[in-house]
Amino acid sequence: MIRQVLDGALKESNLSVNDLDGFLALPSLAEHHIMEAHFQATSLGLFTRKASSDAKRLGQPSLLCRTIDTGGGGPVSALLQAQSMIQHEGLNCVAVVAADSVGSMDSRTFLQRVDNIFGDESGIPSPIIPNGYDRYTQYQMQRYGLTRDQLRMVVCLQSFHASRHKESLLYQTALELQPSQQTEHMKRDTPKPFTALDSIQQAPSVAPNISLLECAYRADGAGCIILTSESFLNERLRTSLEMEQVKKKAVTILGSGESSGPLVPPAKEQIGGFPFGSDAAMTQAYRQAGSLKATNIDFFALYDCFPICLIRALEATGICSQGDGGNYIEAQYSKLMNAVDSGTEEELIQDPTFFPVNTHGGLLCYGAPWEVPAMYNIIEACQQLNENAVGRQIDDCKRALVYGNGGIFSSSAVAILGKAT
Ligand code: CAA
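Just so it is clear, the structure is predicted and the values come from calculations on it, not from any experiment. (Residues numbered from 1 in each chain as written. Predicted model: local features only at pLDDT ≥ 70, side-chain atom pairs only at ≥ 80, totals over all residues. Heavy atoms only, no water.)

## Description of the sheet that holds strand β7 (residues 251–260)
Next, step 1: The four strands are arranged β7-β10-β9-β8 in an open sheet whose pairing can be described as mixed. Strands with a single pairing partner mark the edges of an open sheet, and in this sheet they are β7 and β8 (299–301). When the angles between neighbouring strand axes are averaged without regard to direction, this sheet yields 15°.
Next, step 2: Two elements, β8 and strand β9 (residues 399–406), share three bridges in a ladder whose sense is parallel. By the bridge assignment, A301 is partnered in β9 with V402. (Pairing = 2+ DSSP bridges. Helix = DSSP H or I, 4+ residues; strand = E, 2+ residues; numbered from the N terminus. Axes fitted to C-alpha atoms, helices over the stretch in contact; angles between N-to-C directions.)

## Quick word on the environment of C320
Next, step 1: Mapping C320 onto the fold places it in the loop between α14 (307–317) and α15 (325–342).
Next, step 2: Under the relative-accessibility criterion, C320 is labelled buried at 11%.
Next, step 3: Taking the C-alpha atoms as reference points, C320 and S62, separated by 258 residues in sequence, lie 47 Å from one another. (Buried < 20%, exposed > 50% of the residue type's maximum accessible area, 1.4 Å probe, protein only.)

## Comments concerning the packing of helix α6 (residues 128–144) against α14
Helix-helix packing is characterised by the crossing angle of the two axes and by the distance between the axes.
Next, step 1: Contact geometry for α6 and α14: axes closest at 9 Å, N-to-C directions at 55°. Between α6 and α14, the interaxial angle falls into the category oblique. Regarding α6 and α14, the two cross each other, and that crossing is left-handed. Taking contact as the criterion, the partners of Y133, Y136, T137, Y139 and Q140 in α6 are, on α14, I308, C309, I311, R312 and E315. (Parallel < 35°, antiparallel > 145°, perpendicular 65-115°, else oblique. Left-handed = near helix turned anticlockwise from the far one by under 90°. Contact = heavy atoms within 4.5 Å.)

## Describing the state of the cysteines
Next, step 1: Evaluation of the coordinates by the stated rule reveals zero disulfides.
Next, step 2: With no disulfide of its own, C156 lies 8.8 Å from the sulfur of C365, the closest cysteine sulfur. (Disulfide = S-S within 2.5 Å.)

Everything listed here is a matter of coordinates, which is why it stays silent on function.
Take a look at the structure:
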């Protein structure tokens, strides 16, 4: 998968492996290697290829490899690391790759590996990740009156978006296997996968306030991003006409923020006292992008391994105020149901007040290959900015915010992206 996505990204950028002077990779749960980036670069033959003339001229090592591990925040952290390597270490062209195949793992092995990360001493029952997020869910329900159905509505909204993306896992599996998951409304014309509220209510329970359909949807998958310096692109533009098209599609980082928290969630009674990493990371990113706020962002790609994660993220972005995430979701869900009842779903996506979040379907419905999903967030943001999100395009999308979250709210990484030209 890594070779496939690297080749695809290089081709789309009109570049070759010989142009790379940086290579960043994220660890995989299914096939763990120490020094993942070095392992992958060796397997890909990157150390035996020709170094670029720039690298030779500058006397740089032909390839600088780093493995980044901030869990689900990894793709965004790696994007920011690539930016720093370009700005401060003189690199020109860095590839970021991530791949995993947790969808093909048997559930027992998956759960054992995941539970081992946190350990028995966490005091959280297995499956530790859903139960860990449940602790935060309970806090939000008690503190702010978030309701059980509002949590389920997150999945309905995400599934609506995923139903418009043919590569989403929900689209692919629902069309082939699960017609019962489609509502009557959605089946009317062409069948489209949509997870209705009652099917989530009936789904088996995984943790006290989380059902199977409210879990990150385990999947196999991979992604790759290529980041270059502006001077490198300009240099290439002089020698290659095709680069003109590439440059037109280029996206730039306007601001970013990162933050860390404990690996194991604090005890229930202490949660309120813990600052949320996503709040700090968003604030920093908005400030760095020139004091932007939520109203200046057209598209949000927010980590949503469980509904509580998305709800906290919505509040952290400022789309709604703290504690109001559940009500915001309910209002969006009502809008969706009204459109479904009146057969106006097609117009909904053009409505700037309708849920401009995770138009690919997020972890809950597009698919969640362990540390890869925030890569999908970045890719969907680039698609939106380049007006390539066919069937789900947000009008006049100029800025996008991407957020990755690692562990159980243990790491947060945010980037605000905009068109480069
Ligand atoms: N939507 C639709 N279907 C889903 C689904 C979803 N969100 N999640 C699972 N399913 C489907 C599966 O595809 C499977 O379908 P088939 O029977 O047709 O194959 C069926 O439901 C049963 O799923 P599992 O085989 O996974 O069921 P299980 O009982 O073996 O395990 C579970 C259940 C323990 C909840 C397991 O699915 C699980 O652990 N899920 C959560 C995954 C997770 O924790 N991911 C990481 C999130 S945290 C993060 O992303 C941060 C980080 O740093 C990495």
